[in-house]
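Per-entry structural report
So the chains spell out like this:
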Amino acid sequence: MQAEQAWIEQALKGDRTAFGQLVRAYERPVYHLTYRMLGVSEEAEDAAQETFLRAYTRLSTYQPGRKFVNWLLSIASHYCIDRLRRNSRAPQLSLEDPMPPQWLSSDSDLPDQILDKKQERDKVRDVLGTLPPDYRAAVVLRYWYDMSYEEIAATTRSTESAVKSRLHRARRMMAAQLQAA
Amino acid sequence: MGEWIACEQNERISEWMSLFLDGLLDADRERRMEQHLNACAACRAEWQAMQRIAVLFAESAIMGPPLGFAVRVERRLAERVRERRRLFGGTAVLTGSLSLAGVAVAAVGMVVLSVVAWQWIGSFPAMQQGSSAVSQIASGVGLMGKGASLFLKDLLLRYGVPVLLLAGVGLTVLAGLWAWMFCNRRDRSRHNGYA
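Residue numbering note: each chain is counted from 1, following its sequence as written. Here chains are named by letter from A upward and ligands by number from 1 upward, in the order in which they appear as written. Reporting of local features is limited, given that this is a predicted model, to residues whose pLDDT is at least 70; pairs of side-chain atoms are given and counted only at 80 or more, and all residues count toward the totals for whole chains, interfaces and linings.

1. Considering the overall build of chain A
A run of DSSP states H or I qualifies as a helix once it reaches four residues; a run of E qualifies as a strand once it reaches two. Both are numbered from the N-terminal end. Of the regular secondary structure elements, chain A holds nine helices and zero strands. Helices (α) and strands (β) of chain A occur, in sequence order from the N terminus, as α-α-α-α-α-α-α-α-α. This entry defines residue contacts through backbone-placed C-beta atoms, with two residues in contact when those atoms are within 7 Å. Residue pairs at least 24 apart in sequence account for 62% of intrachain contacts in chain A once pairs closer than 6 positions are excluded.

2. Quick notes on the confidence of the model for chain B
Values of pLDDT, the confidence the predictor places in each residue, fall between 0 and 100. On average, residues of chain B score 80 in pLDDT, and 84% of them reach the 70 mark or higher. Predicted complex, confidence summary: ipTM 0.81, pTM 0.68.

3. Structural notes on helix 7 (residues 133–143) of chain A
Counting buried positions along helix 7 of chain A yields nine of eleven residues, so the element is predominantly enclosed. Burial in helix 7 of chain A covers these residues: A:Y135, A:R136, A:A137, A:A138, A:V139, A:V140, A:L141, A:R142 and A:Y143. Think of it as a crowd count around each C-beta: if 20 or more other C-beta atoms lie within 10 Å the residue is buried, if 12 or fewer it is exposed, and in between it is partly exposed, with C-beta placed from the backbone throughout.

4. A closer look at the environment of B:I62
Looking at where B:I62 falls in the secondary structure, it is placed in the loop between helix 4 (41–59) and helix 5 (69–122). A tally of 12 C-beta atoms within 10 Å means that B:I62 is categorised as exposed. With residues up to four places along the chain from it excluded, the contact list for B:I62 reads A:R28, A:H32 and A:W144.

5. Considering the nonpolar core
Residues and elements named next belong to chain A. Structurally, a nonpolar core is described as a collection of buried Ala, Val, Leu, Ile, Met, Phe, Trp, Tyr and Cys residues joined by way of C-beta atoms within 7 Å. Among the nonpolar cores identified, the biggest contains 57 residues, and V30, A76, A138 and V139 are the most heavily contacted of them. Of all the elements, helix 2 (residues 16–38) adds the most residues to this core, at ten residues. Excluding residues that lie within four positions of it along the chain, A76 makes contacts with V30, L33, T34, A47, A48 and T51.

6. Digging into the confidence of the model for chain A
In the predicted model, chain A carries a mean pLDDT of 87, and 84% of its residues have values of at least 70. Every residue in residues 101–106 of chain A is under pLDDT 50, and counting partners more than four places away or in other chains gives six contacts.

7. So, the interface of chain B and chain A
Across the contact, 29 residues belong to chain B and 33 residues belong to chain A. Of all the elements in the fold, those that place two or more residues in the side of chain B that touches chain A are helix 2 (10–21), helix 4 and helix 5 of chain B. Counting residues per element, the side of chain B that touches chain A draws most heavily on helix 5 of chain B, which supplies nine residues. Residue polarity is assigned by list, with Asp, Glu, Lys and Arg as charged and Ala, Val, Leu, Ile, Met, Phe, Trp, Tyr, Cys and Pro as nonpolar; anything else, Gly included, falls into the polar class. In the side of chain B that touches chain A, the residues fall into 16 nonpolar, six polar and seven charged.

What follows is the structure, given as structure tokens:
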């Protein structure tokens, strides 16, 4: 935590190396969120990069009392929600995602395991894909980041009752999709 | 889905299911939910689907970015900082050029106005020769206009075409430079760091 605070302070003074340390420390949770939100690895990387660029330019607005990772996730979720809304208005070229490079590089996985992982990944993406962007954000933050309603509300800038309602409706929609499949 | 509609309590029970999954359902409602699920096949099917989703998500891996992600972010950040500086420089140049052009236009406008005023006042000699304040101002404006008119006539006859040409070329180059920087910035912002 002390190192994190020191990196933030140095980055605020314009030290891009210190900001690079923050990127290395939080690239995984940020990328995971953008991947679960967008479902395509290339778009997820672009969104995760954009999240860090925005974080750098808005670093002076970060309040030290708040968890830094949650602040980053807030930027990432808003960016992804906006992007999904924009994409829903624009024609889609392809929803197929090639195998993410981090899996192709794994030496330990057998072909069957790679296939299982791909199937599982497709299933998760299909289930999440049925949800509107703000429902999707609530589900991802609840299931993969184990956030409370209060934390999700703070991250998505909504209320606890809205989060409760979104999670309930999202679960119903996903259950319906699973039963129909 | 048709079965769900058949259960009148489904909306309330499914809300309780969601709360239960988040560990927020009290013991009394949990007991009532269990009783209902034992009796209602439609709600039970929905409950099983919700549980399967929870298991599916719990078993799915946490995704990390491809190798070299941080380096690509740093590269893109450096590019964006450079672009901002360039854009700021371009804006400063444009603002300066526009200010200079504004001053020049104002000066030319004043001279033209003086010349017009001198010619107009010249047709009223009584106004130029009177002793009132209006007459004195008119006389002053008339003299300024006369001087400016002679100066402009001389300037345009000697250097008119080169001066106008130089100013036009300068402003065109500045506008082109600024437009190029703006377009270049837009192209780079779409690039996410892959070669």
